[in-house]
Amino acid sequence: MKPEVFKLELEKYGISLTEKQMQQFATYFEMLVEWNEKINLTAITDCEEVYLKHFFDSITLAFAEDFSVEKYHLCDVGSGAGFPSIPLKIVFPQLAITIVDSLNKRIKFLTELVTALELDNVSLYHDRAETFGQNPKFREQFDFVTARAVARLAVLNELCLPLVKKGGHFLALKAAKSDEELAEAKKSIALLGGKFVEEKAVSLPFTDDQRFIIDIKKTKETPNKYPRKPGTPNKKPLI
């Protein structure tokens, strides 16, 4: 997907990008490729692939939720190279973004990126999600929490739902539909104060690739014992 096609495809969803936003995406791509030579950020470095499988893919989250109506605060857990939160921030500048990632070298890249793109109201934290979720400063503070290609849903629920405020939403981005994964996650959703809303399918342009956005609403507070200590959710998921 060439940058100009990226722009046209987003217009089909009512998203119009300015010249400044297009330049921000161009700078993002350049820095991603440059830094990828020093640290492992992505296996995808071809321009058209990045615009389709990273930039457009990240923005599909806005096809499920309207981020333009209020000044929402979104937390991106295990963001890696900034997906999906930085593309969303470029498109919706009023969004407040908090990113937590366990690798400091990724946070260094994101710090340089946020500066180069002149993005405001973006906070970056080098931390484990389990520790971050037990911090009173962040616990149950976010309108939306998202994670993209990080872990199975039963694990993600424990990492992400403690951060969602009551009435907010955890949005998990998945590359494949998995009824088994959803069934496996029922226990953790209920235990952590969530309620499954829907699984929305979104197709990427010019391919047969589908993405699935799992929407879980926070209906009550998460018990204080969750998330458990670092590493435990992955080793002993709530299933």
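Keep in mind the model is a prediction, meaning the values are calculated, not measured.

**Student:** Teacher, can you tell me more about the pattern of salt bridges here?
**Tutor:** Opposite charge on two side chains lets them pair, provided their charged atoms get close. Summed over all chains, the structure comprises 17 salt bridges. Taking the shortest distance from any N to any O, the salt bridge between Asp-57 and Arg-148 comes out at 2.8 Å. Of this pair, Asp-57 sits in helix H3 (residues 47–59) while Arg-148 sits in strand S4 (residues 142–148), and the two are 91 residues apart along the sequence. Its relative accessible area of 16% is what places Arg-148 among the buried residues. Two residues, Glu-199 and Lys-177, come together in a salt bridge whose shortest N-O distance is 2.8 Å. One end of the pair, Glu-199, is in strand S6 (residues 194–203); the other, Lys-177, is in the loop between strand S5 (164–174) and helix H9 (179–191), with 22 residues separating them in the sequence. Where salt bridges share partners, they join Asp-57, Arg-148 and Arg-211 into one cluster.

**Student:** Help me out: how do you make sense of the environment of Val-5 in this one?
**Tutor:** Inspection of the secondary structure puts Val-5 in helix H1 (residues 3–11). Distance in space between the C-alpha atoms of Val-5 and Leu-52 is 9.7 Å, their sequence separation being 47 residues.

**Student:** Sorry, what's going on with the packing of aromatic side chains here?
**Tutor:** How two aromatic rings sit relative to each other is set out by the distance from centre to centre and by the angle between their planes. One pass over the structure, following the stated rule, counts 18 aromatic pairs. Aromatic pair Phe-25 and Phe-55: ring centres 5.1 Å apart, planes at 50°, arrangement tilted. One end of the pair, Phe-25, is in helix H2 (residues 19–36); the other, Phe-55, is in helix H3, with 30 residues separating them in the sequence. Members of the aromatic cluster, joined through ring pairs, are Phe-6, Phe-25, Tyr-28, Tyr-51, Phe-55 and Phe-83. Here the guanidinium or amino end of Lys-38 rests over the ring plane of Trp-35, the centre of that ring lying 4.1 Å away.

**Student:** What should I look at first to understand the nonpolar core in this one?
**Tutor:** Among the nonpolar cores identified, the biggest contains 50 residues, and Phe-6, Ile-15, Phe-25, Phe-55, Phe-67, Ile-86 and Phe-109 are the most heavily contacted of them. Residue assignment for this core shows that the elements contributing at least two residues are H1, H2, H3, helix H4 (61–64), helix H5 (85–91), strand S2 (96–101), helix H6 (104–116) and S5. The contact partners of Ile-15, leaving out residues within four places of it in the chain, are Lys-7, Leu-10, Ile-59, Ala-62, Phe-63, Val-91 and Phe-92. Membership of the second largest hydrophobic core comes to 29 residues, among which are Val-100, Phe-138, Ala-151 and Ala-172.

**Student:** Any chance you could explain the side chain of Asn-36 here in plain terms?
**Tutor:** For Asn-36, the location among the structural elements is in helix H2. Exposure remark for Asn-36: the relative accessible area of 18% places this residue in the buried category. The residues touching Asn-36, leaving out its near neighbours within four places in the chain, are Leu-41, Thr-42 and Thr-45.

**Student:** What is the right way to read the sheet that holds S2 from this model?
**Tutor:** By way of backbone hydrogen bonds, the strands of a sheet pair with one another, either parallel or antiparallel. Strand order in the open sheet made by the seven strands is S3-S2-S1-S4-S5-S7-S6, with mixed pairing throughout. A single partner strand is all that each edge strand has here, and the edge strands are strand S3 (122–126) and S6. Neighbour-to-neighbour, the strand axes of the sheet open up by a mean angle of 20°, direction not taken into account. In this sheet, strand S7 (residues 210–218) lies alongside S5 in antiparallel orientation, the contact comprising six bridges. Along S7, the bridge assignment pairs Leu-173 with Ile-213. Packing of H6 onto the sheet brings it into contact with S2 and S3, and relative to S3 it is tilted by some 165°. Helix H8 (residues 153–160) contacts strand S1 (73–77), S4, S5 and S7 of the sheet and is inclined by roughly 145° relative to S5.

Conventions we followed
- Residues numbered from 1 in each chain as written.
- Predicted model: local features only at pLDDT ≥ 70, side-chain atom pairs only at ≥ 80, totals over all residues.
- Heavy atoms only, no water.
- Salt bridge = Lys/Arg side-chain N within 4 Å of Asp/Glu carboxyl O.
- Helix = DSSP H or I, 4+ residues; strand = E, 2+ residues; numbered from the N terminus.
- Buried < 20%, exposed > 50% of the residue type's maximum accessible area, 1.4 Å probe, protein only.
- Phe/Tyr/Trp six-rings, centres within 6.5 Å; stacked < 30°, edge-to-face > 60°.
- Lys NZ or Arg CZ within 6 Å of the ring centre and 35° of its normal.
- Core = buried A, V, L, I, M, F, W, Y, C linked by side-chain atoms within 4.5 Å.
- Contact = heavy atoms within 4.5 Å.
- Pairing = 2+ DSSP bridges.
- Axes fitted to C-alpha atoms, helices over the stretch in contact; angles between N-to-C directions.

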